[in-house]
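Architecture at a glance
The chain contents come next:
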Amino acid sequence: MDTAGHSEAMARRGLELTPFRGLRYDPDRVGSLASVTSPPYDVVVRPDGVHHLQSADPYNIVRLILPEAGTPSARTEQAADTLRRWLDEGVLAADPEPALYVYEQQDGDGTLQRGVIGALRVSEPAEGVVLPHEDVMPPVVAERAALLRATRANLEPLLLSYRGDGTAAEVVERTVEKPPLLATTTEDGVRHRLWAVTDAADVARVQDDLSHHQALIADGHHRWATYLRLRAEQRTPGPWDYGLVLLVDTARYPLRVRAIHRLLHGLPVADALAAVEGLFRVRHLGVPLAEALAALADASCAGNAFLLAGDGAFHLLDRPDPDLLARTVPADRPAAWRSMDATVLHATLLEHVWHIPEDSPAHIAYIHDTAATVAKAERDGGTAVLMHPVREEVVRDLARQGVTVPRKSTSFGPKPASGLVLRALEI
């Protein structure tokens, strides 16, 4: 992508963050604020995740973001009916005045993240303001768009990152010295706190600072694509021109980057290994998971490497045949893209060696949790492909060039909890 074009777009218009009247749970109407929260809709938390969250509280946000009625249309109507009922009953209520929201997460290891939640003007990638780094799956966008149309609400914020360390960061740091609107600790041990910024001068400081920056979509590509689709459907300016986001200044709070692993259904480990014989070096590791992951990290320093599991052991694949890569990896992309593990996995292993379609849920699943991926492979007789995470700066540099990385290449976090603040489009 033309970097001069990026500069011109940012000179005209950078990030435009707008206050909104947040919808929040009335703590007197729910069991606890922690019990109504959920991870983002697309994060697999446990095999019975949805049912577990539903049983935590009858008002858990998962009933809106992942309704369980039979057909797609029934699911969206169920979510819309549930949201209307909760609003009518006062379970969810709008804050009295528009605000930007400072959001803080801190886990048991002491990792601290702070950012600003607001309604961000939706922009096309060509504008160079909000940069995607992954492609999306049209069926998922269609599903999320139907849910947004039915509920007329942004049910959970996207996670965006930018590098500023300016006046917006100063406002955040001053705000957290005050008593929060809410504070809760979820069952994973993460503490969440939320503040409302309503002072006009502070809001203006945040807006002015952000107007000079661009942001990377760290998590939420399908929801951003949904915002774009819904905005394109409207004929006049309005609330659809904005979408709910959490903006984190990574100059202050660097994101944690983890890999997203693959579970290959119907491909036994023995068959996967037989297919790569002579194409990769294969080492069989009779060690625990932690040691196997350490070996994967070491191998990744020297080139492409993958860890296969599912038969009770671990198998390290590295040193791919250079001729194989030359034949299978597209040559019309930057070197940083061609050398990514996810690129080699999708272009070489999945497409040419194992012949597995990457967009078929019947053949492949994308799972964040390492142990869960291994356990599912061992239980189902498939192959777990464990990945080493790519560095954030690689993803950001490629995004600035307009180059997307292979689907589900990264998992940035900590991700914001769903259910702490929502945005109704018509309030």
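Residues numbered from 1 in each chain as written. Predicted model: local features only at pLDDT ≥ 70, side-chain atom pairs only at ≥ 80, totals over all residues. Heavy atoms only, no water.

1. As for the pairing of strand β11 (residues 215-219)
Counting buried residues along β11, five of its five residues qualify, which places the element largely inside the surrounding structure. Pairing analysis gives two bridges linking strand β6 (residues 130-131) to β11, with the strands arranged parallel. Bridge pairing in β11 places V130 opposite A215. Summarising the sheet, strand β8 (residues 158-162) and β11 pair through three bridges and their orientation is antiparallel. Across the sheet, the residue bridging to S161 is L216, located in β11. (Buried < 20%, exposed > 50% of the residue type's maximum accessible area, 1.4 Å probe, protein only. Helix = DSSP H or I, 4+ residues; strand = E, 2+ residues; numbered from the N terminus. Pairing = 2+ DSSP bridges.)

2. Observations regarding the sheet that holds strand β7 (residues 153-154)
Spatial ordering of the open sheet is given by β3-β2-β21-β7, a layout of four strands whose pairing is antiparallel. Because the sheet does not close on itself, it has two edges, and the strands there are β3 (92-94) and β7. Here β7 pairs with strand β21 (residues 422-424) via two bridges, running antiparallel. Paired with A153 across the two strands is A424, which belongs to β21. Against the sheet, helix α4 (residues 72-89) contacts β2 (22-25), β3 and β7, and its axis sits at roughly 70° relative to β3. (Contact = heavy atoms within 4.5 Å. Axes fitted to C-alpha atoms, helices over the stretch in contact; angles between N-to-C directions.)

3. Topic: the pattern of salt bridges
Applying the stated rule across the entire model yields 25 salt bridges. The closest approach of N and O atoms between E173 and R114, which form a salt bridge, is 2.7 Å. Remark: R114 occurs in strand β5 (residues 112-121) and E173 occurs in helix α6 (residues 167-175); sequence separation between them is 59 residues. One network of salt bridges, with partners in common, ties together E104, R114, D165, E173, R191, R193 and R252. (Salt bridge = Lys/Arg side-chain N within 4 Å of Asp/Glu carboxyl O.)

4. Let's talk about the packing of aromatic side chains
The tally for this structure, following the rule as stated, stands at five aromatic pairs. With centroids separated by 5.3 Å and ring planes inclined at 55°, the aromatic side chains of F20 and Y101 adopt a geometry described as tilted. With F20 in the loop between β1 (17-18) and β2 and Y101 in strand β4 (residues 100-106), this residue pair connects regions lying 81 residues apart in the sequence. Judged by relative accessible area, F20 falls into the buried class, the value being 6%. Look at Y101 and you get buried, because its relative accessible area is 0%. Pairing Y25 with W86 gives two aromatic rings, centres 6.1 Å apart and planes at 50°, and the pair type is tilted. With Y25 in strand β2 and W86 in helix α4, this residue pair connects regions lying 61 residues apart in the sequence. Here the two residues Y25 and W86 agree in accessibility, since each one is buried. Chaining the aromatic ring pairs together yields one cluster made of Y25, Y59 and W86. (Phe/Tyr/Trp six-rings, centres within 6.5 Å; stacked < 30°, edge-to-face > 60°.)

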